[in-house]
Amino acid sequence: MPTDGQPPARSDPDASRPRDRHRVVVVGGGFGGLSAVERLKGAPVSVTVVDQRNHHLFQPLLYQVATASLATSEIAWPIRALVRHRPEVTTLLATVTGVDKNARRVLLDDGSTLPYDTLVLATGARHAYFGHDEWEPFAQGLKTLEDATTIRRRILLAFERAEREDDPAREAALLTFVIVGAGPTGVELAGTIAELAQDTLAPDFRHIDTQKARVVLIEAGPRVLAGYADSLSDYTQRSLEQLGVEVELNQPVSDCTADGVVYGGKTLNARTIIWAAGVRASPAAEWLGAPADRAGRLMVNPDFTMPGHPDIFAIGDTVTIAGPDGKPVPGIAPAAKQEGRYVAGVIKARLAGERPPAPFHYKHAGSLAQIGKRRAVIDFGRIKLRGALAWWIWGIAHIYFLIGVRSRLSVAISWLWIHARNQRTARLITQGQANEGRKPTSD
Ligand SMILES: Cc1cc2nc3c(=O)[nH]c(=O)nc-3n(C[C@H](O)[C@H](O)[C@H](O)COP(=O)(O)OP(=O)(O)OC[C@H]3O[C@@H](n4cnc5c(N)ncnc54)[C@H](O)[C@@H]3O)c2cc1C
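Rules of the game
- Residues numbered from 1 in each chain as written.
- Predicted model: local features only at pLDDT ≥ 70, side-chain atom pairs only at ≥ 80, totals over all residues.
- Heavy atoms only, no water.
- Helix = DSSP H or I, 4+ residues; strand = E, 2+ residues; numbered from the N terminus.
- Rg over C-alpha atoms; globule rule 2.2 N^0.38 Å.
- Buried < 20%, exposed > 50% of the residue type's maximum accessible area, 1.4 Å probe, protein only.
- Contact = heavy atoms within 4.5 Å.
- Lys, Arg positive; Asp, Glu negative; His and termini not counted.
- Charge placed at Lys NZ, Arg CZ, Asp CG, Glu CD.
- Phe/Tyr/Trp six-rings, centres within 6.5 Å; stacked < 30°, edge-to-face > 60°.
- Near = heavy atom within 4 Å.
- Polar contact = N/O pair within 3.5 Å; in protein donor to acceptor, adjacent residues only side chain to side chain.
- Areas by Shrake-Rupley, 256 points an atom, 1.4 Å probe, with all protein chains shown as cover.
- 1 Å grid on protein atoms, 1.4 Å probe; cavity = no way out; pocket = protein on both sides within 12 Å on 5 of 7 lines; lining within 4 Å.
- Points joined across faces, edges and corners; volume = space filled by probe spheres on them.
- Pairing = 2+ DSSP bridges.
- Axes fitted to C-alpha atoms, helices over the stretch in contact; angles between N-to-C directions.
- Salt bridge = Lys/Arg side-chain N within 4 Å of Asp/Glu carboxyl O.
- Core = buried A, V, L, I, M, F, W, Y, C linked by side-chain atoms within 4.5 Å.
- pLDDT = per-residue confidence, 0-100.

What follows covers the overall build of the chain. Scanning the chain for helices and strands turns up 11 helices and 26 strands. The C-alpha radius of gyration computed for the chain amounts to 23 Å, which stays within 12% of the reference 22 Å derived for 443 residues, consistent with globular compactness. Projected onto its principal axes, the C-alpha coordinates of the chain cover approximately 70 × 65 × 45 Å. The buried share of the chain, reckoned over its 443 residues, is 52%. In the chain, 64% of the contacts between residues at least 6 apart in sequence involve partners at least 24 apart. The averaged location of the 47 negative side-chain charges in the chain is 6 Å from the averaged location of its 52 positive side-chain charges.

Pasting the structure below:
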């Protein structure tokens, strides 16, 4: 008997469910997983969504939580609440640790297992440090709400500590913010931190001039936003520089420490380093013992099944598959959603005894990145937009893709406030100690 008053862990969390329905287990309540669940509506299945977090996260706006522009609850929603009107869908908060392909069971972190008839793995990816995991404590990546609030805490604490610092060198290090990686997330972080320092914080501090803060964007490649057209990359770099961001191109980082970052043979003293370079897929390929690419992405069949296992699908950032142009489908939300909808169609057709749907065809709607207030770039392929018009489209598109009227209104009001008053209402230092980020030695 348990001694803590808790019931014993059930070895099969699905044991009480009716067995007559085909059991679909979807691991991951992100963009891909939830799209599959949504599209399975009406199918003769019972669905179990397993996620290690209780919320679905709108990652494209995560950087706004990290920079105190939005609150966590504006970009995340409890998965359980999202499927509340679907009695055939069960939500489990659990971490998957493996898959027993032969027994058709998913292994969970508490030692229990979950049976499936069809499995959909949609476990995404995480940031990666190119084999230098020892950099992680100093160079925070951005993938989860916890990552975002950690970055927010570090940025805000750096200003707070600088306000109390007497030593000019230490003050300078506290007021230096380094972002590694000039893809969309790095660009968005750099532009917003610069605006935070220039506009939002400046009137609130008495001893430091926050406008003297340095924001340094370091990129190993020759240009920012490498996936975009050259003209948009150039515009983005110019816009960042106008905001005061120092853009360092062709500079692979060779070390990250508590003191700062090393690149191009020099050390830049900086107390806040944010990692926006490199991703690694979830361990789905390891769970299955299946072939993967260099980033750990599972290589799937054209219908997203695992080779030799038609009952196992994998989608989204955790897989690699070729797009219509022969290049890998990009690891972005629309791709994961399209893949989720597609595999739901395959499952439905199978259960109905129908022919499988036409082969998957990824449709790329465009690439969008915000640089700062009223500045964004959009690459629709033939049409390329930049500046204020692009920013409006960027804003409307992001509000449109949020879930629910409350979130949309709330985000719109938060943005209005930033634009009208330069105020960022989510400027809260939460979790951790007030002295976090201090060097453990002399200071
Ligand atoms: C900072 C940032 C900014 C981005 N900006 C954009 C953008 O502007 N536009 C765009 O299109 N895309 C953007 N992306 C990419 C986009 O978010 C991803 O491509 C998309 O989320 C992939 O969907 P997915 O379903 O594969 O994975 P995710 O949406 O990441 O979902 C994976 C889910 O699996 C769960 N999970 C993982 N491992 C386990 C486990 N072992 N057990 C149980 N659950 C598990 C996770 O908790 C998560 O809920 C951004 C990503 C990041 C990190």
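Next comes the rest of the account.
Moving on, we come to the packing of aromatic side chains. Scanning the entire structure with this criterion turns up 12 aromatic pairs. A centroid spacing of 6.2 Å and a plane angle of 45° characterise the contact between Phe 159 and Phe 205, whose relative ring orientation is tilted. With Phe 159 in helix 4 (residues 145-163) and Phe 205 in the loop between helix 6 (184-200) and strand 13 (214-218), this residue pair connects regions lying 46 residues apart in the sequence. Since its relative accessible area comes to 0%, Phe 159 is described here as buried. Through pairs of rings, three or more aromatic residues link up here, namely Tyr 129, Phe 130, Trp 135 and Trp 275.

The local shell around the ligand holds 26 residues, among which Gly 32, Asp 51, Gln 59, Val 96 and Asp 317 are the closest. At 3.1 Å from a nitrogen atom of the ligand is found a main-chain nitrogen or oxygen belonging to Gln 52. Compared with its free state, where it exposes 990 Å², the ligand has 87% of that area covered by protein. At the level of elements, helix 1 (31-39) and helix 9 (333-351) are the ones that each hand at least two residues to the shell around the ligand.

Our focus in this paragraph is the side chain of Thr 200. Tracing the sequence through the fold places Thr 200 in helix 6. According to the relative accessible area criterion, Thr 200 is buried, its value standing at 0%. Within the local environment of Thr 200, its side chain forms a polar contact with the side chain of Arg 424, the two groups lying 2.7 Å apart.

Going through the model one piece at a time under the given rule, you end up with one cavity of 30 Å³ or more. Counted as a void, the largest cavity has a volume near 100 Å³. Gln 64, Gln 370, Ile 418, His 419 and Arg 424 are, among the 13 residues lining the largest cavity, the residues nearest its centre. Mapped by element, the contributors of at least two residues to the lining of the largest cavity are helix 6, strand 24 (367-372), helix 10 (388-401) and helix 11 (405-421). If you tally residues by element for the lining of the largest cavity, the top one is helix 11, at three residues.

Taken together, five strands build an open sheet; the order of strands is 11-18-12-13-14 and the sheet is parallel. Of all the strands in the sheet, the pair left with one neighbour each is strand 11 (139-141) and strand 14 (245-248). Each strand axis lies, on average, 25° off the axis of its neighbour in the sheet, ignoring direction. Sheet strands in contact with helix 4 are strand 11, strand 12 (176-180) and strand 18 (272-275), and its direction is about 145° off that of strand 11.

Quick look at the pattern of salt bridges now. Within this structure, the stated rule accounts for 15 salt bridges. Salt-bridge contacts for Asp 311 lead to Arg 104; the nearest nitrogen and oxygen are separated by 3.0 Å. Residue Asp 311 is located in strand 22 (residues 309-314), and its partner Arg 104 is located in the loop between strand 6 (96-100) and strand 7 (105-108); the two are separated by 207 residues in the primary sequence. Linked through salt bridges whose partners overlap, the residues forming this network are Arg 126, Glu 136 and Asp 147.

Now for the environment of Val 26. Looking at the element boundaries, Val 26 is found in strand 1 (residues 22-27). Taking the C-alpha atoms as reference points, Val 26 and Arg 355, separated by 329 residues in sequence, lie 23 Å from one another. Those residues in contact with Val 26, other than ones at most four positions away along the chain, are Gly 33, Val 37, Val 47, Thr 48, Val 49, Val 50 and Val 120.

So, about the nonpolar core. Formed by 66 residues in total, the largest nonpolar core has its most connected members in Leu 61, Ile 75, Phe 159 and Leu 217. If we ignore the near neighbours within four places in the chain, the residues touching Leu 217 are Ile 179, Gly 181, Ala 182, Gly 186, Val 187, Ala 190, Val 224, Leu 240, Val 245, Glu 246, Val 247 and Glu 248. Core analysis: the second largest hydrophobic core is formed by 52 residues, Tyr 116, Val 300, Ile 315 and Tyr 362 among them.

Burial of the side chains of strand 9 (residues 118-121) extends over both faces: Thr 118 and Val 120 are buried on one face and Leu 119 and Leu 121 on the other. Where strand 1 and strand 9 come together, four bridges link them in parallel fashion. Within strand 9, the residue paired with Val 27 across the bridge is Leu 121. Pairing between strand 9 and strand 22: three bridges, direction parallel. Each residue of the ladder has a partner; that of Leu 121, found in strand 22, is Ala 314.

In this section: the side chain of Thr 176. Structurally, Thr 176 can be placed in strand 12. Looking at Thr 176, its side chain comes within polar contact range of the main-chain oxygen of Ala 172, at 2.6 Å. Apart from the residues lying within four places of it in its own chain, the contact partners of Thr 176 are Arg 214, Val 216, Leu 268, Asn 269, Ala 270, Arg 271 and Thr 272.

With that out of the way, let us pick up the pairing of strand 17 (residues 266-269). Note: strand 16 (residues 260-263) against strand 17, four bridges, orientation antiparallel. The partner of Val 261 across the bridge, within strand 17, is Leu 268. Two successive antiparallel strands, strand 16 and strand 17, enclose a turn made up of two residues, where Gly 264 displays a positive phi of approximately 55°.

Another aspect to go through is the confidence of the model for the chain. On average, residues of the chain carry a pLDDT of 93, and 93% of them reach 70 or more. Across residues 1-9 the pLDDT falls below 50, and counting only partners more than four positions away or on other chains, this stretch makes three contacts in the model.

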